[in-house]
Amino acid sequence: MDSNNANFFERVYEVARQIPYGRVTSYGAIAKFLGAARSARMVGWAMNASHTMEDVPAHRVVNRKGLLTGKFHFDGTNLMQQLLENEGIRVVDNQIVDFEKYFWKPEMDL
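The following paragraphs examine the structure supplied in this document. (Residues numbered from 1 in each chain as written. Predicted model: local features only at pLDDT ≥ 70, side-chain atom pairs only at ≥ 80, totals over all residues. Heavy atoms only, no water.)

1. Some points on helix H3 (residues 40-49)
Item 1. Among all positions of H3, only Met42, Val43, Ala46 and Met47 are buried. The buried residues of H3 occupy an angular sector of 150° when projected down its axis, which confines them to one face. Pointing more than 90 degrees away from the buried face of H3 are the exposed residues Arg41 and Trp45. (Buried < 20%, exposed > 50% of the residue type's maximum accessible area, 1.4 Å probe, protein only. Helix = DSSP H or I, 4+ residues; strand = E, 2+ residues; numbered from the N terminus. Arc of directions from axis to C-beta.)

2. Focus on the layout of surface pockets
Item 1. By volume, the largest pocket is sized at about 230 Å³.
Item 2. Lining the largest pocket are 13 residues, with His51, Met53, Val56, Phe74 and Leu83 sitting closest to its centre.
Item 3. Looking at the lining of the largest pocket, its residues break down into 7 nonpolar, 4 polar and 2 charged. (1 Å grid on protein atoms, 1.4 Å probe; cavity = no way out; pocket = protein on both sides within 12 Å on 5 of 7 lines; lining within 4 Å. Points joined across faces, edges and corners; volume = space filled by probe spheres on them. Nonpolar A, V, L, I, M, F, W, Y, C, P; charged D, E, K, R; others polar.)

3. A short note on unusual backbone geometry
Item 1. In this structure, Asp93 takes a positive phi of about 50° despite not being glycine.
Item 2. Looking at the element boundaries, Asp93 is found in the loop between strand E3 (91-92) and strand E4 (95-96).
Item 3. Residue class for Asp93 comes out exposed when judged on its relative accessible area of 72%.
Item 4. The phi torsion at Asn94 lies on the positive side, around 65°, for a residue other than glycine.
Item 5. Structurally, Asn94 is set in the loop between E3 and E4.
Item 6. A relative accessible area of 28% means that Asn94 is categorised as partly exposed.

By themselves, these are just geometric observations and shouldn't be taken as functional.
As structure tokens, then:
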């Protein structure tokens, strides 16, 4: 990974660490906040690469429709859902119920 990607990933992690308990955001919202609105997929790659970092709550980052598209990158097929449900977020068929209610925009707190 070149230094530009490493720097971008670290900026993604800084935002992800700010997501409040019991809230979620999207890959696109993080990308937009970082001034790279077309880089949602790269945010996904960063989340995928973060699984050894216990301080990065990757389970709180989902796609723009509230789908748990990153769930296959967690150990155990339902771990992402279990982590979200432990925070009071209901998930049905890999989708967050009342997504808008739990959605957190990075610019709200940073």
